[in-house]
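Structure assessment
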Amino acid sequence: MSTKEKTWWYVGGVAIIIYALFPVAWIVSLSFKAPSDIANKGFLPTSPTGENYSTILTGTASDLFLPALRNSFGICLIATFISCVLSMFAAYAIARLDFPGKKLILGTALGVAIFPVISIVTPLFNLWRQIGLYDTWLGLIIPYLSLTLPISIWTMSAFFREIPWEMEQAAQVDGATTWQAFRKVIVPLAAPGVFTTAIIAFFIAWNDFAYGISLTSTSVARPVPAALGLFSGASQFEDPTGAIAAAAVIVTIPVVALVLLFQRRIVAGLTNGAVKG
Amino acid sequence: MASIEMRNIVKQYGDGFPAVNDVSLDIADGEFMILVGPSGCGKSTLLRMIVGLEDISSGDMVIGGKRVNDLAPRERNLSMVFQNYALYPHLTVFENIAFPLRLSKTDDAEVRRRVTEAADVLELHEHLERKPANLSGGQRQRVAMGRAIVRHAEAFLFDEPLSNLDAKLRGQMRTEISRLQRRLGITTVYVTHDQTEAMTLGDRVCVLRKGKIQQVASPRELYEQPVNLFVAGFIGSPPMNFLPARPEGNRLTTPFGPVELDQKRAAAVAGRDLLLVGIRPEYFEDASLVDEAKRPLGTLFRARVDVTEWLGDQQYAYIPYEAPAEITSQLRDLSRELDSEELRTQAIVSIDSTSRIREGREAEFWLDTRKVHVFDPTTGENLTRDAEAGARLTQMAEEDRAEQVQEAQAGMQGRHAGAA
């Protein structure tokens, strides 16, 4: 690469980073502004304050925010776990076995994935109320699975297809049952795929708003995105902008942490060296 | 250790195509059997049926006196080395080799002892804690073999284990495998498409073509007494030359002059119109370099040399010749089947490396007619095959092998005794 080309890559990269991170920086800056300071017409707060954070963590909005945070974590983690386990088996079958209706399953999964959420929210609302799932964790986990499973199956089956068939056959010849071969050879090799899938599934569930706002009514099951919409200012003349910004920052942290934590595992090509180099 | 018997094995795929067609083969206990053939001949499928990775459509697979058709791979107690080694990348070399033992719940001390033993044999000691990704091709190959020998399996199966190595390493590993097999005295089935591996490693070689066995014999018998055109063309490198010939009494008229046949062979080919005579490159020689004593055993002819290749220790000359159209198409089909593309009808002739025969000039050659074979061009059958001589060669190979195995094992015991 010539120096000129390199410079352009750097310029382009910096431009993209600014474009992507500017809104985040803005929210962070907003979260440190006092309510009177929000319209200060400057990017940085005049005098940074932790007021917004104390409002949502210990103050008036904490009743709304803290249970929501707990709900979000619980519901998303359970949904992610179930969807990973289910999609692991489904994807393995799709990648390895030749059975009638394989294309149909993949097609249906894709169909479900592109189905607009908003169109099934109302029927679900009615159904959930009648069978008692309204405003419960399970009432959100099930629709979240419908969001996360299709994409999980697709990504995971792509990962499984990458694993050479011989690995498994070698294990079988070495004396492993099908289940042992799956557990001792395929799963460790598919680990990066499982992590990637888990993170994607977690994001999807974490970011959901439509189900969260429609299928819950109290802090028993209301997730964070829905709770953010219900924040109110100190008085009816005041916007809760600062508090929302602070909550948004807190909600972003686990997502960023997850990516930073697992990025090496995601990137690592673990199958490297399995076959001839 | 066990013998492997195959009785009328057939493998039919969903579309009815028989990849392996009615194969019956007995592999004796401790024997080194090579399955060889051009790509698509069913050799790998056959191997995978032995190990149980491929279902058997019909026929019996008997290992150690037990019918194993319906047993899963893990119940057959065979070990296999895959073409791409199939090492487990998430495990260290030690755990890779120990994998079969871990599965059979062997206790730790025993695992350590057996893995160390295998690592001794394969000189893998300093690599035991490394991951396969950090090993060279030859080391990975050895790890794959370690995983195979660590278990006391009934038989070893190799699926083109050396095809991913470069030529030099391939030669080393070839002798390594041969030594290992002699030492352990374990039944081995080895799939390859490589001439050299087939000829040097096997006690017997099974040549397959389109899912059917052509000939099962010692390498020498295959080379000297091939059963048909296909085996003759497949075994040997450079390949046997096939020249069109017409019989006239006791001699054959070929593009390179008349070839004299002895009484027996002449009788075998009598009454036919068009024949193919098979002559190995080394049956030819630069006429000026042939001993006076040998000269009468062959015939002399003059031909124009198209190209010569001097390789240091030997020299090849290419001599084009004219052949009738029916023969040409026959030969073209054969060469296509043997994974090569013969564009012109030419004979490859091996001459002494000191020969000064020049390209583009006419030269005089001598042809040793004692060992030429004559084939029926339509059926491909070898009309002059001496079955007895062939059987004798295989018999001899068997005796040699028994002796070698005994020696190798005595040597091992001697070393053990020395160590103790």
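Residues numbered from 1 in each chain as written. Chains lettered and ligands numbered in written order. Predicted model: local features only at pLDDT ≥ 70, side-chain atom pairs only at ≥ 80, totals over all residues. Heavy atoms only, no water.

Points about helix 7 (residues 165-173) of chain A
Residue and element names in this part refer to chain A. Along helix 7, seven of the nine residues are buried, which leaves the element largely enclosed by surrounding structure. Every buried residue of helix 7 is listed here: M167, E168, Q169, A170, A171, Q172 and V173. Backbone geometry just downstream of helix 7 places G175 in the positive-phi region, at approximately 110°. (Buried < 20%, exposed > 50% of the residue type's maximum accessible area, 1.4 Å probe, protein only. Helix = DSSP H or I, 4+ residues; strand = E, 2+ residues; numbered from the N terminus.)

Examining the environment of R304 of chain B
All names here are of chain B. Structurally, the position occupied by R304 is in strand 16 (residues 298-304). A residue is classified by how much of its surface remains accessible, and R304, at 42% relative accessible area, is partly exposed. Sequence-wise, R304 and A317 are 13 residues apart; in three dimensions their C-alpha atoms are separated by 9.9 Å. The contact partners of R304, leaving out residues within four places of it in the chain, are Y318, I319, P320, G360, R361 and E362. (Contact = heavy atoms within 4.5 Å.)

Focus: the interface of chain B and chain A
When the parts come together, some accessible area is lost, and that loss is often what is quoted as the size of the interface. Counting residues at the interface gives 25 residues for chain B, matched by 24 residues for chain A. Taken together, both faces of the contact between chain B and chain A bury some 2200 Å²; the carbon and sulfur share is 62%. It is R74, H90 and L103 of chain B in chain B that bury the most area against chain A; as a group they hold 26% of the surface buried on that side. Remark: the boundary between chain B and chain A carries one salt bridge. For D174 of chain A, the salt bridge identified is with R147 of chain B, shortest N-O distance 3.4 Å. Counting every contact that joins chain B to chain A gives eight residue pairs in polar contact (both at pLDDT 80 or more). Elements with a minimum of two residues in the side of chain B that touches chain A: helix 1 (43-51), helix 2 (73-76), strand 6 (79-81), helix 3 (93-103) and helix 5 (137-149) of chain B. (Buried area = accessible area lost by both parts, 1.4 Å probe. Salt bridge = Lys/Arg side-chain N within 4 Å of Asp/Glu carboxyl O. Polar contact = N/O pair within 3.5 Å; in protein donor to acceptor, adjacent residues only side chain to side chain.)

Some points on unusual backbone geometry
Among all residues except glycine, the phi angle is most often negative; among peptide bonds, the trans geometry is most common. Residues and elements named next belong to chain B. Cis geometry marks the peptide bond from S237 to P238, where omega comes out at 0°. Within the fold, P238 resides in the loop between helix 9 (229-234) and strand 11 (241-248). One non-glycine residue, N77, adopts positive backbone phi at about 55°. Its location among the elements puts N77 in the loop between helix 2 and strand 6. Accessibility expressed as a relative area gives 26% for N77, which makes it partly exposed. Of note in the backbone geometry, Y85 takes a positive phi value of approximately 75° without being a glycine. Considering the arrangement of structural elements, one finds Y85 in the loop between strand 6 and helix 3.

Some words on a negative patch on the surface
Residues and elements named next belong to chain B. Taken together, E398, E399, D400, E403 and E407 make up a surface patch of like negative charges. Its location among the elements puts E407 in helix 12 (residues 387-419). According to the relative accessible area criterion, E407 is exposed, its value standing at 55%. (Patch = residues over 30% accessible without salt bridge, like charges linked within 9 Å, V, L, I, M, F, W, Y side chains within 5 Å. Areas by Shrake-Rupley, 256 points an atom, 1.4 Å probe, with all protein chains shown as cover. Lys, Arg positive; Asp, Glu negative; His and termini not counted. Charge placed at Lys NZ, Arg CZ, Asp CG, Glu CD.)

Topic: the sheet that holds strand 3 (residues 32-36) of chain B
Residue and element names in this part refer to chain B. Reading across the sheet, the six strands line up as 6-7-8-3-9-10 and stay open at both edges, with mixed pairing between neighbours. For this open sheet the edge positions go to strand 6 and strand 10 (212-217), each flanked by a neighbour on one side alone. When the angles between neighbouring strand axes are averaged without regard to direction, this sheet yields 20°. With five bridges connecting them, strand 7 (residues 155-159) and strand 8 (residues 187-192) associate as parallel partners. Opposite F158, over in strand 8, you have Y190 as the bridge partner. (Pairing = 2+ DSSP bridges. Axes fitted to C-alpha atoms, helices over the stretch in contact; angles between N-to-C directions.)

Thoughts on the layout of surface pockets
All names here are of chain B. In this structure, the second largest pocket occupies an estimated 530 Å³ of space. In terms of lining, the second largest pocket is formed by 24 residues, of which the most central are G233, P239, S335, L338 and S340. Within the residue set of the lining of the second largest pocket, elements represented by two or more residues are helix 9, strand 11, helix 11 (325-337) and strand 19 (346-351). Take the lining of the second largest pocket: its biggest share by element is three residues, from helix 11. When the residues that make up the lining of the second largest pocket are grouped by side-chain class, the tally is 10 nonpolar, 11 polar and three charged. Two domains each provide a minimum of three residues to the lining of the second largest pocket, namely domain 1 (4-224) and domain 2 (237-384). (1 Å grid on protein atoms, 1.4 Å probe; cavity = no way out; pocket = protein on both sides within 12 Å on 5 of 7 lines; lining within 4 Å. Points joined across faces, edges and corners; volume = space filled by probe spheres on them. Nonpolar A, V, L, I, M, F, W, Y, C, P; charged D, E, K, R; others polar. Domains from an automatic or database assignment.)

So, the sheet that holds strand 21 (residues 373-375) of chain B
Residue and element names in this part refer to chain B. Taken in spatial order, the five strands make up an open sheet running 13-12-11-14-21, and their pairing is antiparallel. With partners counted over all chains shown, the strands left at the sheet margins are strand 13 (257-260) and strand 21, one partner each. The sheet shows a mean angle of 40° between the axes of neighbouring strands, direction not considered. The pairing of strand 12 (residues 251-254) with strand 13 spans four bridges and is antiparallel. Note on strand 13: the bridge partner recorded for T253 is P258.

Some remarks on the environment of V216 of chain B
All names here are of chain B. Tracing the sequence through the fold places V216 in strand 10. Separated by 10 residues in the primary sequence, V216 and P226 place their C-alpha atoms 9.9 Å from one another. Dropping the residues within four chain positions of it, V216 is found in contact with L25, M33, R204, V205 and C206.

Quick look at the domain arrangement of chain B
All names here are of chain B. Here chain B is described as being made up of domain 1 (4-224) and domain 2 (237-384). Relative to domain 2, the C-alpha centre of domain 1 lies at a distance of 38 Å. Of the residues lining the interface, eight residues belong to domain 1; the matching set on domain 2 comes to eight residues. Summing both partners gives a buried area of about 690 Å² for domain 1 against domain 2, and 34% of it is carried by carbon and sulfur.

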